[in-house]
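Each chain, written out:
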Amino acid sequence: MSAVCDFRVTDLKQFSYCPRIPFYKHVMSFHGKPTYKMNQGKTAQGAIEALEKRRRFGEYGLAEGKRHFGVWLHSRSLNLAGKLDLLIETADACYPVDFKYTTGRPHRNHLFQLAGYALLVSEHFKKPVPAGFIFIITDGLAFRFPVTEPLLSESRSALAAMQNTIQHEIFPEPTPVRARCTDCEYRNFCADVF
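Heads up: these notes are all about the structure in this document.

Rules and cut-offs
Residues numbered from 1 in each chain as written. Predicted model: local features only at pLDDT ≥ 70, side-chain atom pairs only at ≥ 80, totals over all residues. Heavy atoms only, no water. Helix = DSSP H or I, 4+ residues; strand = E, 2+ residues; numbered from the N terminus. Contact = heavy atoms within 4.5 Å. Areas by Shrake-Rupley, 256 points an atom, 1.4 Å probe, with all protein chains shown as cover. Salt bridge = Lys/Arg side-chain N within 4 Å of Asp/Glu carboxyl O. Buried < 20%, exposed > 50% of the residue type's maximum accessible area, 1.4 Å probe, protein only. Pairing = 2+ DSSP bridges. Axes fitted to C-alpha atoms, helices over the stretch in contact; angles between N-to-C directions. Parallel < 35°, antiparallel > 145°, perpendicular 65-115°, else oblique. Nonpolar A, V, L, I, M, F, W, Y, C, P; charged D, E, K, R; others polar. Phe/Tyr/Trp six-rings, centres within 6.5 Å; stacked < 30°, edge-to-face > 60°.

1. Remarks on the overall build of the chain
Within the chain, the secondary structure is distributed over five helices and six strands. Reading the chain from its N end, one meets helices and strands in the order β-α-α-α-β-β-β-α-β-β-α. The long-range share in the chain, meaning contacts at least 24 apart out of those at least 6 apart in sequence, stands at 66%. As displayed, the chain offers around 10100 Å² of accessible surface, 54% of which is attributable to carbon and sulfur atoms.

2. Thoughts on the pattern of salt bridges
Counting across every chain of the model gives six salt bridges. For lysine 25, the salt bridge is made with aspartate 11, and the minimal N-O distance between the two is 2.9 Å. Linking lysine 25 in helix H2 (residues 20–26) with aspartate 11 in helix H1 (residues 9–17), this pair joins segments that are 14 residues apart in sequence. Among the residues examined, aspartate 11 registers a relative accessible area of 1% and is labelled buried. Residues aspartate 98 and lysine 100 are paired through a salt bridge, measuring 3.1 Å at the closest nitrogen-oxygen approach.

3. Regarding the pairing of strand E6 (residues 141–146)
Pairing between strand E5 (residues 131–136) and E6: six bridges, direction antiparallel. Among the inter-strand pairings, glycine 132 is bridged to a residue of E6, identified as phenylalanine 145.

4. Examining unusual backbone geometry
A positive phi angle, close to 55°, is found at serine 29, a residue other than glycine. For serine 29, a relative accessible area of 51% corresponds to the exposed category. Within the chain, lysine 126 stands out as a residue other than glycine whose phi angle is a positive 55°. Mapped onto the elements of the fold, lysine 126 is located in the loop between helix H4 (108–125) and E5.

5. Some points on the packing of H4 against helix H5 (residues 149–167)
Where H4 meets H5, the axes come as close as 9 Å, and the angle between the chain directions of the two elements is 95°. With respect to H5, the axis of H4 lies roughly perpendicular. Along the contact surface, H4 presents Arg108, Leu111, Phe112, Ala115, Ala118 and Leu119, while H5 presents Leu151, Leu152, Glu154, Ser155, Arg156 and Ala158. Within the contact of H4 with H5, the residues separate by chemical class into eight nonpolar, one polar and three charged.

6. Some details on the packing of aromatic side chains
Within this structure, the stated rule accounts for eleven aromatic pairs. Both rings, one in tyrosine 24 and one in tyrosine 186, keep their centres 5.9 Å apart while their planes meet at 15°; by these two values the pair is stacked. On the criterion of sequence distance, the pair formed by tyrosine 24 in helix H2 and tyrosine 186 in the segment after H5 is long-range, its members being 162 residues apart. With respect to burial, tyrosine 24 and tyrosine 186 carry one shared label: buried. When the ring of phenylalanine 99 is compared with that of phenylalanine 135, the centres are 5.5 Å apart and the planes differ by 75°; the resulting orientation is edge-to-face. Of the two residues, phenylalanine 99 is situated in strand E4 (residues 94–100) and phenylalanine 135 in strand E5; the sequence distance between them amounts to 36 residues. Phenylalanine 99 gets classed as buried once you look at its relative accessible area, which sits at 6%.

7. So, the environment of phenylalanine 133
As for its position among the elements, phenylalanine 133 is in strand E5. For phenylalanine 133, a relative accessible area of 2% translates into the label buried. Sequence separation of phenylalanine 133 and leucine 87 is 46 residues, and the distance between their C-alpha atoms is 9.6 Å. Among all residues touching phenylalanine 133, those that are not within four sequence positions of it are Tyr60, Tyr95, Pro96, Val97, Asp98, Leu114, Phe143 and Arg144.

Okay, here's the thing in structure tokens:
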């Protein structure tokens with residue numbers, strides 16, 4: 001692999017959701033059709049940022065902090081990059097916030113994405129990342145998740161597995177959760193599933 005950051009944090013999320021998605025993007029150079037949720041999330045981003053500027057830090061369980069919107073982060077050592085929606089920086093720690101246009105509680109793949117951002121933030125800002133937040137746009141709720149060593153370790157392992165899959169062009173099995181395929185932007189490429 002090249003020394004350039006080839007992978008995005010969203011690839012880590014997608015690999016957890018279905019390992020074929022990063023394969024299609026990076027090996028086959030296929031790009032799926034954006035889903036309704038993806039388009040709605042982009043449309044809502046500006047409005048959320050405007051509202052976020054008025055949100056009190058107490059709603060995140062923090063006394064104070066500084067907000068950084070649209071933070072671009074990269075790590076050559078991790079071969080990973082991404083644009084974080086919001087970073088709350090305090091004097092002694094950092095808290096990544098990822099906005100999601102979905103309903104209900106965040107899913108496991110969202111936690112992998114949050115962990116990817118935590119790895120990047122920790123490396124870039126040289127501060128601990130004790131927790132992160134997933135903000136559900138549709139419900140206006142922020143869920144706090146501890147950034148634990150087991151979560152970071154699992155995310156590093158997933159990143160290594162994804163890198164191995166792409167580097168050696170190993171076509172992965174589809175997700176065993178077929179309900180995920182219904183709204184997938186890559187569903188037309190999985191002839192063995194449909």
